[in-house]
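A structural walkthrough
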Amino acid sequence: MNRSLLRWGFLLFLFSLITGFAIPSLKSPRLGLSAHTIAVVSSLIVIAVGVIWDSLKLESSTKRFLKWLWVVVGYGNWLGTLLAAIFGGSQLMPISGSNVTPTPAQEMIVTTVIIAVSVLSLAAVLVVLWGLRGNLRGDSSN
């Protein structure tokens, strides 16, 4: 178990609760709800990775990289969506966005964060799957 990931996960869960309280005051409340939900789900994933930590067959440097990768993915996903809610929308989220159009700079920020987090999420999942390959020594379960 990785207690650091558990702490990061529960802190993100706290941020999800705070985001929930802020939903009515955001330019795009629907994106605010998305940010709240994404933070809940992301926090649970970070916590789950912390729980399975000892089952990952990875080098210590890869594990260190993976830990920070999941923290960046979890918080980045929440932050990108929250910024879209604050700015009033994003071209990447036309269904959830409001009729308010963000400035080009705001749009670029949200787009950059969301695309980066999407790529990093894929990498994080692949590293976990790689770490879960085969059996651990002395572990007869699959």
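This brings us to the overall build of the protein. Counting secondary structure elements, the protein contains 4 helices and 0 strands. When the elements of the protein are put in sequence order from the N terminus, they spell out α-α-α-α. Counting all 142 residues of the protein, 41% fall into the buried class. Sequence separation of 24 or more characterises 73% of the internal contacts of the protein that already satisfy a separation of 6 or more. Roughly 8200 Å² of accessible area belongs to the protein as shown, and the carbon and sulfur atoms make up 69% of that amount.

Take the confidence of the model for the protein next. Confidence in the prediction for the protein averages 89 pLDDT; 89% of positions are at 70 or higher. Looking over the protein, one finds the lowest element-wise mean pLDDT in helix α4 (residues 104-131), namely 93, and the highest in helix α1 (residues 3-22), namely 97.

Helix packing for two helices is described by the angle between their axes and how far apart those axes are. In contact at an axis separation of 8 Å, α1 and helix α2 (residues 29-52) are set at 165° when each is read in the N-to-C sense. Considering their axes alone, α1 and α2 lie roughly antiparallel with respect to each other. Considering only the axes of α1 and α2, their crossing is left-handed. Between α1 and α2, the residues in contact are Leu5, Leu6, Trp8, Gly9, Phe10, Leu12, Phe13, Ser16, Leu17, Thr19 and Gly20 and Gly32, Ala35, His36, Ala39, Val40, Ser42, Ser43, Val46, Ile47, Val49, Gly50 and Val51, respectively.

Thresholds applied
Starting from 1, residues in each chain are numbered consecutively following that chain's sequence as written. Thresholds applied to this predicted model are a pLDDT of at least 70 for local features of residues and 80 or more for the giving and counting of side-chain atom pairs; totals over whole chains, interfaces and linings are not thresholded and use all residues. Side-chain figures throughout are based on the complete set of non-hydrogen atoms in the structure, without hydrogens or water. For the purposes of this entry, the term helix denotes a DSSP run of H or I that reaches at least four residues, the term strand denotes a run of E that reaches at least two, and both are numbered from the N terminus. Throughout, exposure labels follow a simple rule: accessible area from a 1.4 Å probe, protein chains only, divided by the maximum for the residue type, with under 20% read as buried, over 50% as exposed, and the rest as partly exposed. Throughout, a residue-residue contact means that at least one pair of heavy atoms, one from each residue, lies within 4.5 Å. Using the Shrake-Rupley algorithm and a 1.4 Å probe, accessible areas are obtained, with residue cover drawn only from the displayed protein chains. Per-residue confidence from the predictor is reported as pLDDT, a score between 0 and 100. Fitted lines through C-alpha atoms give the axes, limited to the stretch in contact for helices. The angle between two N-to-C directions lies from 0 to 180 degrees. Between 65 and 115 degrees an angle is taken as roughly perpendicular, under 35 as roughly parallel, over 145 as roughly antiparallel, and anywhere else as oblique. The hand of a helix crossing depends on one turn: near helix anticlockwise from the far one by less than a right angle means left-handed, and clockwise means right-handed.

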